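# An overview of the molecular structure
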Amino acid sequence: MASFTLSKFHCSLSPRMKKETTAPLTLIFMTQWMLLITQLCVGWHCTDCMNGSAIENFSCVIYNISLMNCTWQPGRDAPGDTQYFLYWQNPIYDDAMECKLYIKDENGRNTGCRFQNVRIEPEKAYFLVNGSSKDSLIQFYDEYIQLYKIEKLMPPSNITVNCDEIKNYCIIQWQQPQISHSNKDNCFKYELNIKYKDNPEGKTKYTSIQEWENSHTFQRPNTRKKYLLKMRAAGSACFVSPAWGEWSAPVEFGKNKSMPWATLPPAMSCLPHTLLCT
């Protein structure tokens, strides 16, 4: 953050958060200035602002490696013409940024934002939502968030299964999910879920949690069946979300084997050769 000297300031909230100051503020863009004054006024109560006008239920999620959605609900007592504006500041950048792609409700009011090219850092990011109305001053909402904790992890990548048809076991291998801020395999744990292909909605036949591994040996209980494998990942260390991520697409393995002809009951063995049966 650029340095500055502040000898006197007055905090106020108006339709787009006007500020008054008698001290010079250098090398700070307008959006930075808005965030900075808000942070200096933490704990200050806006006596002229309408109670219940600040947004509610603010939440953000990062997905597909570098995309972020933030959503909120209008304040329960906010005037009908209230419009909200979201600003955020990534700790590695000096510049604060306003949302460029708002999500709107049926009345055209901003109720969310989509961000692109988001990079996760260990430090907390700062979010601020302020509002404007012709009728009253609107309370602001702010929050610090550790971005890695709100990431929805991608599935493990490059999942492969190779089976030994003689020893009846299969080697399952995979690579870590794609994330923007770590390439260490020991940051993850993995859940494997295996079902019979002919009953994908049925009971799971096998499940396992693997930590710090990129392979697993699965002993097939029935070599005459085909199987479906799904996997997902969660953080077990590092700055990686501890919540389970998205499931992978099913991976099929194994072979369907018919019963040998000699083992079929006599009545069944006659069916294809009815004319030869007596």
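These notes cover the structure that comes with them. Keep in mind it's a predicted model, so treat the numbers as computed, not measured.

How two aromatic rings sit relative to each other is given by the distance of their centres and the angle of their planes. In the structure shown here, the tally under the stated rule is 14 aromatic pairs. For the pair Y227 and F253, a centre-to-centre distance of 5.3 Å together with 15° between the ring planes defines the contact as stacked. You can see Y227 sitting in strand β18 (residues 226-235) and its partner F253 sitting in strand β19 (residues 251-254), a full 26 residues away along the chain. Every member of this aromatic cluster is reached through a ring pair, and the members are F58, W72, W88, F115, F127 and Y141. A cation over a ring is seen here: K225 above Y196, with NZ or CZ 5.2 Å from the ring centre.

A few words now on the pattern of salt bridges. Taken as a whole, this structure holds 7 salt bridges when the rule is applied. Between R119 and E121 there is a salt bridge whose closest N-O contact spans 3.0 Å. A residue is classified by how much of its surface remains accessible, and R119, at 39% relative accessible area, is partly exposed. In this structure, E191 and R232 form a salt bridge, with 2.8 Å as the shortest nitrogen-oxygen distance. Taken as a pair, E191 in strand β15 (residues 188-196) and R232 in strand β18 lie far apart in primary sequence, 41 residues in all. Among the charged side chains, a salt-bridge network with shared partners connects K197, K226 and E252.

A few words now on the sheet that holds strand β4 (residues 56-63). Pairing is antiparallel across the open sheet formed by 4 strands, whose spatial order is β4-β5-β9-β8. The sheet is open, and its two edges are formed by β4 and β8 (102-104), each paired on a single side. Sheet twist, expressed as the average angle between the axes of neighbouring strands with direction ignored, equals 20°. Sheet topology places strand β5 (residues 67-73) next to strand β9 (residues 110-115); 4 bridges connect them, and they run antiparallel. Considered in β9, the bridge of C70 is made with C113.

Conventions we followed
Residues numbered from 1 in each chain as written. Predicted model: local features only at pLDDT ≥ 70, side-chain atom pairs only at ≥ 80, totals over all residues. Heavy atoms only, no water. Phe/Tyr/Trp six-rings, centres within 6.5 Å; stacked < 30°, edge-to-face > 60°. Helix = DSSP H or I, 4+ residues; strand = E, 2+ residues; numbered from the N terminus. Lys NZ or Arg CZ within 6 Å of the ring centre and 35° of its normal. Salt bridge = Lys/Arg side-chain N within 4 Å of Asp/Glu carboxyl O. Buried < 20%, exposed > 50% of the residue type's maximum accessible area, 1.4 Å probe, protein only. Pairing = 2+ DSSP bridges. Axes fitted to C-alpha atoms, helices over the stretch in contact; angles between N-to-C directions.

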